[in-house]
Amino acid sequence: MHIVDGALSNPVLIGGAVLAVGGIAMGLKKLPLERIPAAGVLSASFFVASLIHVPIGPSSVHLILNGLAGLVLGWAAFPALFVGLLLQAVFFGFGGLTVLGVNAVNIAGPAVLAGLIFGRLVSRGGPMQGAIWGGLGGGFAIAATTLAVAFSLALSGDEFVPAAKLVFVAHIPVIVIEALLSGAAIFLARRVKPELFAGSKGGWT
Amino acid sequence: MTYVLTGEDKPLTGFGALRAAVSSLDPRMRIVMTVIYAVTVVALDDLRVLSGALVLSMWLLAISGLPFQKTLKRMAMMDGFIIFTLILLPFTMPGTPMFSVFGFDATWEGLWRATEIALTANAVILAVMTLVGSMEPVTMGHALFALKTPERLVHLMMFTIRYIDVLREEYLRLRTSMKLRGFRPGTNWHTYRSYGYLVGMMLVRAIERSERILAAMKCRGFCGRIVLLEEFRLTRTDLMFAGAMVLALTALIWAEVAYAAA
């Protein structure tokens, strides 16, 4: 899902950077200092979760779980996922530096959206109902991320359009798996620790 | 400290043996120069100039004191991710046909574009990994703060850096206990549900851990401000390094302009 340096046109890069700064500022505004330890630890756990490889047929995919991050953190998911992307670029060499803004918008934007749309629904009703909404939220976020990646490639040049389409088709199994996993994760969390979610009382907003 | 971030067995920035030219330079200057370098290289188009940029990145790697093979292997991993997009490019870009596969024409223009992206991406990420990635992650946080990054973002980053390692160990413990109970991953509902529960459990434990952290911080008089202690000093060596980098970048830009005019 990471775009590398050199592929995108300058307007796309600048637009992405501006949007990312806005998203981070908004996220930090919704993050009081008391919440920073929790946000940091959750950000770290999403970083670790993205290292998990899930088998699918003869191959395996690694998780992104941005939908789940949005459901748990709400707006704070933006700076949290940005930090993860920054650390990945600097210490792992995934992605790039000038594309950091675009990558943040593509991955953290859908996360925040999923949190805003599905956050309250997830904390309502029984655990099973929450799990279904959570699964939808998880699938929605990763589908939106794939579309956003395809869109930023297509905006940069027509030569990327076939590649962008291929990226989307190739990610359909990933979308399904992320949805299933997010749903299951929320089912467990709802039973063990219901106050975890953005929409719940005393949770993130 | 953060083994997950800086290498599988031990940090790339060891003390003593690996301490080389680049790690003695001011971290703030390294971050600023990396950003300038990245922006410049992304703006370049000519393949010859971009090759020059890659050579410059290689030189940075050579003086950084990072293990050569390991760093290049990481860079190759990134190439593995983008290779499919790059292979598609010659077939999707209009231009002079080069050869055709199953009726699809590959064009020279597409090949040059793919090469350009590959060179840019590798040159930039190599410079990022050697100039910034060679720092202790905590030092990077302090340096970013010194460069006027919002305090809360830096704190968020510091907490993330601190707990990545802890949570990875927690993850490995959970995986071990799954294995002990006979879990074997495959393509089935049971696997996906189990992985989902694993992620859910990690989140629950993370949030409980963060409650304990906050309690411990309050117990020690946390009053809403975290002090970042490190102080940086710009030395003559730093200025010389920055000067050399600027000179090299100017040469690259000059070459680009000269080739474009020719």
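Residues numbered from 1 in each chain as written. Chains lettered and ligands numbered in written order. Predicted model: local features only at pLDDT ≥ 70, side-chain atom pairs only at ≥ 80, totals over all residues.

**Section: the overall build of chain A**
Argument step 1. On a plain count of helices and strands, chain A comes out with eight helices and two strands.
Argument step 2. In sequence order, chain A lays out its α and β elements as α-α-β-β-α-α-α-α-α-α.
Argument step 3. Here the C-alpha atoms of chain A give a radius of gyration of 16 Å, agreeing with the 17 Å that 2.2 N^0.38 yields for 205 residues.
Argument step 4. If one aligns the C-alpha atoms of chain A with their principal axes, the spans along those axes are about 50 × 40 × 30 Å.
Argument step 5. Taking all 205 residues of chain A together, 63% fall into the buried category.
Argument step 6. Within chain A, residue pairs in contact and separated by at least 24 positions form 75% of the contacts whose partners lie at least 6 positions apart. (Helix = DSSP H or I, 4+ residues; strand = E, 2+ residues; numbered from the N terminus. Rg over C-alpha atoms; globule rule 2.2 N^0.38 Å. Buried ≥ 20, exposed ≤ 12 C-beta atoms within 10 Å, placed from the backbone. Contact = placed C-beta atoms within 7 Å.)

**Here we look at the interface of chain B and chain A**
Argument step 1. Contacts between the two partners involve 67 residues from chain B, matched on the other side by 58 residues from chain A.
Argument step 2. Of all the secondary structure elements, the ones that give two or more residues to the side of chain B that touches chain A are helix 1 (3-6), helix 2 (27-43), helix 4 (68-92), helix 5 (108-131), helix 7 (151-180) and helix 8 (189-219) of chain B.
Argument step 3. At 19 residues, helix 8 of chain B tops the list of elements feeding residues into the side of chain B that touches chain A.
Argument step 4. Class assignment of the residues belonging to the side of chain B that touches chain A gives a composition of 44 nonpolar, 16 polar and seven charged. (Nonpolar A, V, L, I, M, F, W, Y, C, P; charged D, E, K, R; others polar.)

**With respect to the confidence of the model for chain B**
Residue and element names in this part refer to chain B.
Argument step 1. Per-residue confidence for chain B gives a mean pLDDT of 85; residues scoring 70 or more make up 91%.
Argument step 2. Mean pLDDT values for the elements of chain B range from 58 in helix 1 up to 93 in helix 2.
Argument step 3. Throughout residues 8-18 the model reports pLDDT below 50, and contacts reaching past four residues in sequence, or to other chains, amount to 15 contacts.
Argument step 4. In the predicted assembly, ipTM is 0.90 and pTM is 0.89. (pLDDT = per-residue confidence, 0-100.)

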